[in-house]
Amino acid sequence: MDLEHIAARLGAPAGEVDRVHRLAGDRPSAPLPAKAGVPALLDRLAVRPDDAAEIMAGWPDPGSPLWTPELRWLLDRSTALVRADLGGHLWLPPGPELPRDRGPAWRHLYVYAYLALVDVVTGYHRDHGIADAVSWTTLADLGRNLAVDRRMNREGWPVMQSWLTLHVRGGLYELGRLQHQRGDTIGLHVPDSGPLTPDAVEASLDEARAFFPRHFPDEHHTAFSCGSWLLDPQLREYLPADSNIIRFQQRFELEPYEEPEGLDADVEVRRFVFRDLTTPLDRLPRRTVLQRAVLEHFEAGRHWQWRSGRFPF
């Protein structure tokens, strides 16, 4: 197998292709679901009709001219790589970023890997006594992320392809308003799914306090944690004290600030507040208090911070 040739044909860094080869090894992959049932599956995963149409158009049918041998190799080995870490709860890049303008097979390769792993992870959930409703609510984050990527003119996916490996490894669960990531602490994530009200947050935390001891009794958690621009104390300069974001912040004891390696908080704020990374600041919307706060901060020549904190479980 000539990994350099595969990398060149994929338009991907050779080191990333080598990483996939090393981590996947000869481990088993997982088969794609039967094509006839995929539209119903995509609907269950909250995939919008326009995204579903693209996914079906690029489907890896045998003999499809859209699928080069290198693409098929990457789909198989990426799926094996993620499956080998079933039960893992760290971020896991499933493979190299691909040139997505080459068509739906290239654009959605990691979606096909996700779909191949749905049966694997729902089996893992059943083994841990997790209700189907939790499984499908969690896995439906696929549709939410595809919609965000489309809204961002395809700028969102490189981050999302790693993020979504948490869902298909059983490392993350959506319980009410928040998503909860297993680990030394229960890591909290805030999906784009409505107001972050204190009551909704508390209900989600209470659900997690019952969920994890019941389904993962060998894991012992003492704290919830979060790393986010939402915890930046500078937001208090702009938002009212009774705002949902400030009240969410107040739950946490912040850790000392350190510039996170490989993460730009300004970029992340733009990603989440505007779903846009390239529009000039003076053309971004100012419809909400938060949008106006973000832009005023930028226009003053200041930068946002990615902060981490925790509070007792």
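This write-up is about the structure you can find in this document. (Residues numbered from 1 in each chain as written. Predicted model: local features only at pLDDT ≥ 70, side-chain atom pairs only at ≥ 80, totals over all residues. Heavy atoms only, no water.)

## Examining the nonpolar core
Here is the rule we go by: Among buried residues, those of type Ala, Val, Leu, Ile, Met, Phe, Trp, Tyr and Cys that are joined through side-chain atoms within 4.5 Å constitute a nonpolar core. Type-normalised accessible area, obtained with a 1.4 Å probe on protein chains alone, sets the label of each residue: buried when under 20%, exposed when over 50%, and partly exposed for intermediate values. Only DSSP runs of H or I reaching four residues or more are called helices, and only runs of E reaching two or more are called strands; each is numbered from the N terminus.
Counting 54 residues, the largest nonpolar core has Leu10, Leu45, Leu115 and Leu142 as the members making the most contacts within it. For this core, the element with the highest residue contribution is helix α7 (residues 109-127), accounting for twelve residues. In this structure, Tyr124, Leu175, Leu231 and Phe248 belong to the second largest nonpolar core, which totals 21 residues.

## Quick look at the side chain of Glu174
Just so we agree on the cut-off: Here a polar contact is taken to be a pair of N or O atoms separated by no more than 3.5 Å, where protein atoms must pair a possible hydrogen donor with a possible acceptor and residues adjacent in sequence count only if both atoms sit in side chains. Contacts are residue-level and defined by heavy atoms, with any inter-residue pair within 4.5 Å sufficient.
The residue Glu174 is located in strand β1 (residues 172-175) in this model. The class of Glu174 is buried, set by a relative accessible area of 8%. Within polar-contact distance, the side chain of Glu174 engages the side chain of Arg144 at 3.2 Å. In contact with Glu174, not counting residues within four places along its chain, are Val134, Thr137, Thr138, Arg144, Gln179 and Pro191.

## Section: empty space enclosed by the protein
The condition is simple: Cavities and pockets are defined on a 1 Å grid built over the protein atoms alone: a cavity is a set of grid points where a 1.4 Å probe fits but cannot escape, while a pocket is an open set with protein on both sides within 12 Å along at least five of seven lines, and lining residues are those with an atom within 4 Å of any such point. Grid points are joined across faces, edges and corners, and a volume is the space filled by probe spheres set on the points.
In this structure the tally under the stated criterion is two cavities of 30 Å³ or more. When its volume is computed, the largest cavity comes out at roughly 90 Å³. Forming the walls of the largest cavity are Val82, Pro94, Tyr110, Ala113, Tyr114, Leu117, Leu142, Trp157, Gln161, Leu164, Thr165 and Val168. When contributions to the lining of the largest cavity are tallied by element, the ones reaching two or more residues are α7 and α10 (157-163). Ranked by the residues each element gives to the lining of the largest cavity, the list is headed by α7, at four residues. Its boundaries defined by the atoms lining it, the second largest cavity holds a volume of some 30 Å³. Together, Leu196, Thr197, Pro198, Val201, Asn244, Arg247, Phe248 and Arg251 line the second largest cavity. Elements with a contribution of two residues or more to the lining of the second largest cavity: α11 (198-215) and α12 (244-249).

## Digging into the packing of helix α5 (residues 69-83) against α7
In plain terms, the rule: Each axis is a line fitted through C-alpha atoms, taken for helices only over the stretch in contact, and angles between the N-to-C directions span 0 to 180 degrees. An angle below 35 degrees is treated as roughly parallel, one above 145 as roughly antiparallel, one from 65 to 115 as roughly perpendicular, and anything else as oblique. Here a crossing is called left-handed whenever its near helix is offset anticlockwise from the far helix by less than a right angle, and right-handed whenever the offset is clockwise. For this classification, the nonpolar set comprises Ala, Val, Leu, Ile, Met, Phe, Trp, Tyr, Cys and Pro, the charged set comprises Asp, Glu, Lys and Arg, and every other residue, Gly included, is treated as polar.
The interhelical angle for the contact between α5 and α7, taken along N-to-C directions, is 45°, at an axis separation of 9 Å. It follows that α5 is oblique to α7 by the angle criterion. Crossing geometry of α5 relative to α7 is assigned as right-handed. For the pair α5 and α7, contact is made by Leu71, Leu74, Leu75, Ser78, Thr79, Val82 and Arg83 and by Leu109, Tyr110, Tyr112, Ala113, Ala116, Leu117 and Val120, respectively. In terms of residue class, the contact of α5 with α7 is made up of eleven nonpolar, two polar and one charged.

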